[in-house]
Amino acid sequence: MPLLGRKEKIPLGIYVHIPFCRSKCQYCDFYSLACKDDKRMDAYINAVCAHIKEAGQLAPGYKVDTVYFGGGTPSYLGGDGLATILSAVRKYFDVTGDAEITFEANPDSISDKLLRRLRGEGFNRVSLGVQNDNDEMLKKLGRPHNYAQVLSAVQRIRKAGFKNLSLDLMYGLPGQTLTDWEKTLQHVLAINPEHMSCYGLKIEPNTPMYGYQDLLKLPDDDTQADMYLSAVEILKAHGFRQYEISNFARKGLLSRHNMKYWMGGEYLGFGPGASSDFAGKRFDIVRDLDAYIFAMKTGGSILADIQQIPPRERAGEYLTTRLRTTVGIQGSEYEKQYLLPFAPLEASLEKCRMNGFANKTMDGRWYLTPKGFLISNSILSDLLLIQDQCQPMTRKR
């Protein structure tokens, strides 16, 4: 029986950014450094643990139910470093016994020693960067592994006792055809993962690939759309449920951490380039490893930006993030939280439904179809424009 007057702790996700890689991929615009400098890595571990200690003092009313190590390449840091950081999280935060604890890995940096150490420390989910099953394509992308290393890594992951494995794939690659993509999906599905993420290649400025993109012979927009819809159907046929634009999972095994981002949950980010949404504020950490280490040593500022988010902007985020998921949005929920009318938005969503881009559940929850996900930017732009024109409702007494 719960104690009277005891306040329930608020769920919190923790993200730890590991900014080290063996090499930079040609398309990557995440903050990461291609280096193997043990002194620099040790300095980073000390800095991020100090940051975790400092932040833990500000979160006594929170319980951490997801921890995610992303990058960069977390597995490249090594088992001892990751274990040290997770120990700091457990020491300074209230981590639940059933917390989802994920680390990202590249196949070439997986070893039995690493996996045994992390499994023993309580990590229970692995996100493996596969991207493609063709070695020549992997070279074009600048990936540091081949497909034989993928298969070996998966065997090691299973042997170590990990029962929740996510695989990342990319489509819309140079010279890739729809048939190529479908063969890749079938090939990779034979690995039998619990979760799949399928992302279209997006070439960002300030990446090596941006400078020679006109030479890449990328699939056109129609072909990429066909690739996406084909992935939805193939994964569905293999028992995967689509729960977000690019993410698919077997029953009960969606990424609990990433759902925090899409469902408006609170999270704290640690390490250079990490972002947070905590206590009503959003803030980003400077994308500079040395500046981050120095600031944590000297008590200087590590923030690149901090914002107090007004209610109307939160209402817009409700639309843009939840409509990325198959959970979708609901009128009564929207009006209660943001005191804005839902009827004008629903009129636009009805038009989307007539065109096969949206659906509505029996309890009034709207969500986008796979075809709707393909044009989600356009749909969301229309909804945000409508929202901006709406006047606030009067709160009912």
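Nothing here was measured: the structure is a model prediction, and the numbers come from that model. (Residues numbered from 1 in each chain as written. Predicted model: local features only at pLDDT ≥ 70, side-chain atom pairs only at ≥ 80, totals over all residues. Heavy atoms only, no water.)

A. Up close: the side chain of Arg-125. Its location among the elements puts Arg-125 in strand β6 (residues 125-131). Arg-125 has contacts with Tyr-68, Glu-100, Ile-101, Thr-102, Phe-103, Phe-162, Asn-164, Ser-166, His-195 and Ser-255, leaving out every residue within four places of it along the chain. (Helix = DSSP H or I, 4+ residues; strand = E, 2+ residues; numbered from the N terminus. Contact = heavy atoms within 4.5 Å.)

B. Looking closely at the state of the cysteines. Overall, the coordinates contain zero disulfides when judged by the stated rule. This cysteine, Cys-25, is not joined by any disulfide, and Cys-28 carries the nearest cysteine sulfur, 6.1 Å off. On the accessibility criterion, Cys-25 (8% relative accessible area) is buried. As a non-bridged cysteine, Cys-390 has Cys-352 as the owner of its nearest cysteine sulfur, 15 Å distant. (Disulfide = S-S within 2.5 Å. Buried < 20%, exposed > 50% of the residue type's maximum accessible area, 1.4 Å probe, protein only.)

C. The sheet that holds strand β15 (residues 329-330), seen in detail. Pairing is antiparallel in the open sheet, where three strands are placed in the order β15-β17-β16. With one partner strand each, in any of the chains shown, β15 and β16 (358-360) form the two edges of the open sheet. Where helix α13 (residues 343-354) meets the sheet, it contacts β15, β16 and β17 (365-368), and its direction lies at approximately 115° from that of β16. (Pairing = 2+ DSSP bridges. Axes fitted to C-alpha atoms, helices over the stretch in contact; angles between N-to-C directions.)

D. Region of the structure containing a negative patch on the surface. There is a patch of like negative charges on the surface, built from Asp-220, Asp-221, Asp-222 and Asp-226. Locating Asp-222 in the fold gives a position in helix α8 (residues 221-237). (Patch = residues over 30% accessible without salt bridge, like charges linked within 9 Å, V, L, I, M, F, W, Y side chains within 5 Å. Areas by Shrake-Rupley, 256 points an atom, 1.4 Å probe, with all protein chains shown as cover. Salt bridge = Lys/Arg side-chain N within 4 Å of Asp/Glu carboxyl O. Lys, Arg positive; Asp, Glu negative; His and termini not counted. Charge placed at Lys NZ, Arg CZ, Asp CG, Glu CD.)

E. Representation of the pattern of salt bridges within the structure. The full count for this structure, using the stated rule, is 20 salt bridges. Note that Asp-108 is salt-bridged to Arg-22, the shortest N-O span being 3.2 Å. With Asp-108 in the loop between β5 (95-105) and α4 (112-121) and Arg-22 in the loop between β2 (20-21) and β3 (33-34), this pair connects stretches of sequence that are 86 residues apart. Taken together, the shared-partner salt bridges connect Asp-277, Arg-282, Arg-314 and Glu-317 into one network.

F. Local environment of the nonpolar core. If you look at the biggest cluster of nonpolar residues, it comprises 101 residues, and the most contacted ones within it are Tyr-44, Phe-69, Ile-85, Phe-93, Phe-103 and Leu-128. The element that contributes the greatest number of residues to this core is helix α1 (residues 38-56), accounting for eight residues. The contacts of Phe-103, once residues within four sequence positions are left out, are Phe-69, Ile-110, Leu-114, Leu-115, Leu-118, Phe-123, Arg-125, Val-126, Ser-127 and Phe-162. Formed by 11 residues, the second largest nonpolar core is a distinct cluster that contains Tyr-27, Met-170, Leu-173 and Leu-216. (Core = buried A, V, L, I, M, F, W, Y, C linked by side-chain atoms within 4.5 Å.)

G. Spatial organisation of helix α7 (residues 178-189). Taking 1.5 Å per residue as the helical rise, α7 with its 12 residues ought to reach 16 Å, and the 17 Å between its terminal C-alpha atoms agrees with that figure. Among all positions in α7, only Trp-181, Thr-184, Leu-185, Val-188 and Leu-189 are buried. Looking straight down α7, one finds its buried side chains confined to an arc of 125°; they lie on one side. On its buried face, α7 sits against α6 (147-159), β7 (165-171), β8 (195-200) and α8. (Expected span 1.5 Å × (residues − 1). Arc of directions from axis to C-beta.)

H. Structural detail: the packing of aromatic side chains. Under the definition given, this model contains 14 aromatic pairs. Taken together, a centroid distance of 5.4 Å and an interplanar angle of 50° make the contact between Tyr-171 and Trp-181 tilted. You can see Tyr-171 sitting in strand β7 and its partner Trp-181 sitting in helix α7, a full 10 residues away along the chain. Here Tyr-171 and Trp-181 have matching classes, each one buried. Feature note: the residues Phe-69, Phe-103, Phe-123 and Phe-162 constitute an aromatic cluster, connected by ring pairs. (Phe/Tyr/Trp six-rings, centres within 6.5 Å; stacked < 30°, edge-to-face > 60°.)

I. The arrangement of the environment of Gly-175 in detail. Inspection of the secondary structure puts Gly-175 in the loop between β7 and α7. Separated by 100 residues in sequence, Gly-175 and Ser-75 place their C-alpha atoms 30 Å apart. Not counting chain neighbours up to four residues away, the residues in contact with Gly-175 comprise Asp-180, Leu-216 and Lys-217.

J. A look at the packing of α7 against α8. At a minimum axis separation of 10 Å, α7 and α8 run at an interaxial angle of 30°. In terms of orientation, α7 lies roughly parallel with respect to α8. Considering how the two elements wind past one another, α7 and α8 form a crossing that is right-handed. Residues Leu-178, Trp-181, Glu-182, Leu-185, Gln-186 and Leu-189 of α7 lie in contact with α8, whose contacting residues are Asp-226, Met-227, Ser-230, Ala-231, Ile-234 and Leu-235. Of the residues belonging to the contact of α7 with α8, the class tally is eight nonpolar, two polar and two charged. (Parallel < 35°, antiparallel > 145°, perpendicular 65-115°, else oblique. Left-handed = near helix turned anticlockwise from the far one by under 90°. Nonpolar A, V, L, I, M, F, W, Y, C, P; charged D, E, K, R; others polar.)

K. Geometry of the confidence of the model for the protein chain. The predicted model of the protein chain has a mean per-residue pLDDT of 95, with 98% of residues at 70 or higher. Here residues 1-5 is modelled with pLDDT under 50, and outside its nearest four sequence neighbours on either side it reaches zero contacts, counting other chains as well. (pLDDT = per-residue confidence, 0-100.)

L. Up close: the side chain of Ser-75. Mapped onto the elements, Ser-75 comes out in helix α2 (residues 74-77). Take Ser-75: its relative accessible area is 4%, and that puts it in the buried class. Ser-75 has contacts with Leu-82, Glu-104, Ala-105, Asn-106, Ser-109 and Leu-114, leaving out every residue within four places of it along the chain.

M. Structural context of unusual backbone geometry. With omega at 20°, the peptide bond leading from Gly-71 into Gly-72 counts as cis. Residue placement: Gly-72 occurs in the loop between β4 (62-71) and α2.

N. Quick peek at the pairing of strand β1 (residues 10-18). Of all nine residues making up β1, seven are buried, and the element is well covered by its neighbours. Bridge analysis of β1 against β4 gives nine bridges, and the strand direction is parallel. Bridge pairing in β4 links Ile-18 to Gly-71. Relative to strand β11 (residues 266-270), β1 runs parallel, the two sharing five bridges. Within β11, the position partnered with Tyr-15 by the bridge is Gly-269.

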